[in-house]
Amino acid sequence: MPHTPTAVRQRAAAADASRRRKSRSAPLRWRPKMLMGLYLLFVLLPIYWLLNMSFQSNTEILGGLTLWPKDFTFEHYGKIFTTSTWYMGYLNSIAYVVMNMFISILVALPAAYAFSRYKFIGDKHLFFWLLTNLMAPPAVFLLPYFQLYYTVGLFDTHIAVALAHCLFNIPLAIWILEGFMSGVPKEIDETAFIDGYSFPKFFIKIFIPMISSGIGVTLFFLFMFSWVELLLASTLTSTGAQPIASVMTSTSTASGIDWGTLAAAGVLTILPGILVVYFVRNHIAKGFALGRT
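Everything numeric in this text was worked out from a predicted model, so none of it was measured.

(A) Representation of a nonpolar patch on the surface. A cluster of nonpolar side chains, namely Met34, Leu35, Leu38, Leu41, Leu45, Tyr48, Leu67, Trp68, Phe72 and Phe74, defines an oily patch on the protein surface of about 1100 Å² accessible area. Following the sequence through the fold, Leu45 ends up in helix α1 (residues 5-54).

(B) Geometry of the confidence of the model for the protein. For the protein, the average pLDDT comes to 84, and 84% of its residues sit at 70 or higher. The least confident element of the protein, judged by mean pLDDT, is helix α14 (residues 281-290) at 62; the most confident is helix α4 (residues 84-117) at 93.

(C) Structural context of the environment of Leu142. Within the element layout of this structure, Leu142 appears in helix α6 (residues 142-152). Linking Leu142 and Leu236, residues 94 residues apart in sequence, is a C-alpha distance of 8.3 Å. Once residues lying within four places of it in the same chain are set aside, the contact partners of Leu142 are Leu231, Leu232 and Thr235.

(D) View of the packing of helix α3 (residues 75-82) against helix α13 (residues 259-279). The interhelical angle for the contact between α3 and α13, taken along N-to-C directions, is 70°, at an axis separation of 8 Å. In this view, α3 runs roughly perpendicular relative to α13, as classed from their interaxial angle. The way α3 lies across α13 gives a crossing that is right-handed. Listed contacts from α13 to His76, Tyr77, Lys79, Ile80 and Phe81 of α3 are Gly260, Thr261, Ala264, Ala265, Val267 and Leu268. Here the contact of α3 with α13 is composed, by residue class, of seven nonpolar, three polar and one charged.

(E) Region of interest: the packing of aromatic side chains. A complete count under the given rule lists 25 aromatic pairs for this structure. Note on Tyr113 and Phe207: the rings are 5.2 Å apart at their centroids and 90° apart in plane angle, and the pair reads as edge-to-face. Highlighted residues: Tyr113 in helix α4 and Phe207 in helix α9 (residues 199-210), separated in sequence by 94 residues. Ring geometry for Phe141 and Phe168: centres 5.7 Å apart, planes at 80°, overall edge-to-face. Taken together, the positions of Phe141 in the loop between α5 (123-135) and α6 and Phe168 in helix α7 (residues 158-182) put the pair 27 residues apart, joining distant regions of the chain. Residue Phe141 is classed as partly exposed on the basis of its relative accessible area, which comes to 21%.

The rules behind these values
Residues numbered from 1 in each chain as written. Predicted model: local features only at pLDDT ≥ 70, side-chain atom pairs only at ≥ 80, totals over all residues. Heavy atoms only, no water. Patch = residues over 30% accessible without salt bridge, like charges linked within 9 Å, V, L, I, M, F, W, Y side chains within 5 Å. Areas by Shrake-Rupley, 256 points an atom, 1.4 Å probe, with all protein chains shown as cover. Salt bridge = Lys/Arg side-chain N within 4 Å of Asp/Glu carboxyl O. Helix = DSSP H or I, 4+ residues; strand = E, 2+ residues; numbered from the N terminus. pLDDT = per-residue confidence, 0-100. Contact = heavy atoms within 4.5 Å. Axes fitted to C-alpha atoms, helices over the stretch in contact; angles between N-to-C directions. Parallel < 35°, antiparallel > 145°, perpendicular 65-115°, else oblique. Left-handed = near helix turned anticlockwise from the far one by under 90°. Nonpolar A, V, L, I, M, F, W, Y, C, P; charged D, E, K, R; others polar. Phe/Tyr/Trp six-rings, centres within 6.5 Å; stacked < 30°, edge-to-face > 60°. Buried < 20%, exposed > 50% of the residue type's maximum accessible area, 1.4 Å probe, protein only.

Here is the structure:
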């Protein structure tokens, strides 16, 4: 290492520049963490506040701002689990959501395969037409569905809501699945047929496992749409198949709104979505990386 005055000055300048870079980069390293912390606080605060309200009495909720329940109570959850209107709302919602997911994925899998593997007249126009269903608000189809179901006797049934949601969920499922299926080489199909596989056997045993991440992502979106959709679900039902979202809008009584029960119902409504995300989290992570961009 040279010890000339010029070399010494250069090393001193380099060391000084390095110290300055480190002093400037320290706040920059903390900035993303601070922004992420603020974002998580912004997202989780309403959920915490909902959970906090569910354990408070209505008097405490209306009395002032409290960060923790002073009189901890399970009264509101007990009311939900012991009142038929409340717990049947959850059962009704789960019933038509599961039915819709089953019907939608059953129809979308062969349809998406056809779009990804075959070319036919008007295929691109038909694919675009399917997507246009997602552009229309549910209110557009509300009156035709109501009149049709009331006429054929399907009004206030679970299958009525499940079929109505298929209008939006099947195109969405086809669009997502087609992207995943197009990523699977066609040579796999040809090799399987040469090896003697019939199409049903090939599709179930070979092809579906290869797009399991896409199916997981699709089921996640199907669940989320049906679970949170209110307009069709509340209009096409009255008492026998009334969903929880509709029950939650009718908590006003002569004494006012039952805020505690409404908060407890909100917490229980979030839980199924958390469970679904937990069980398909690996498929979702892989799916968003491998699917259509």
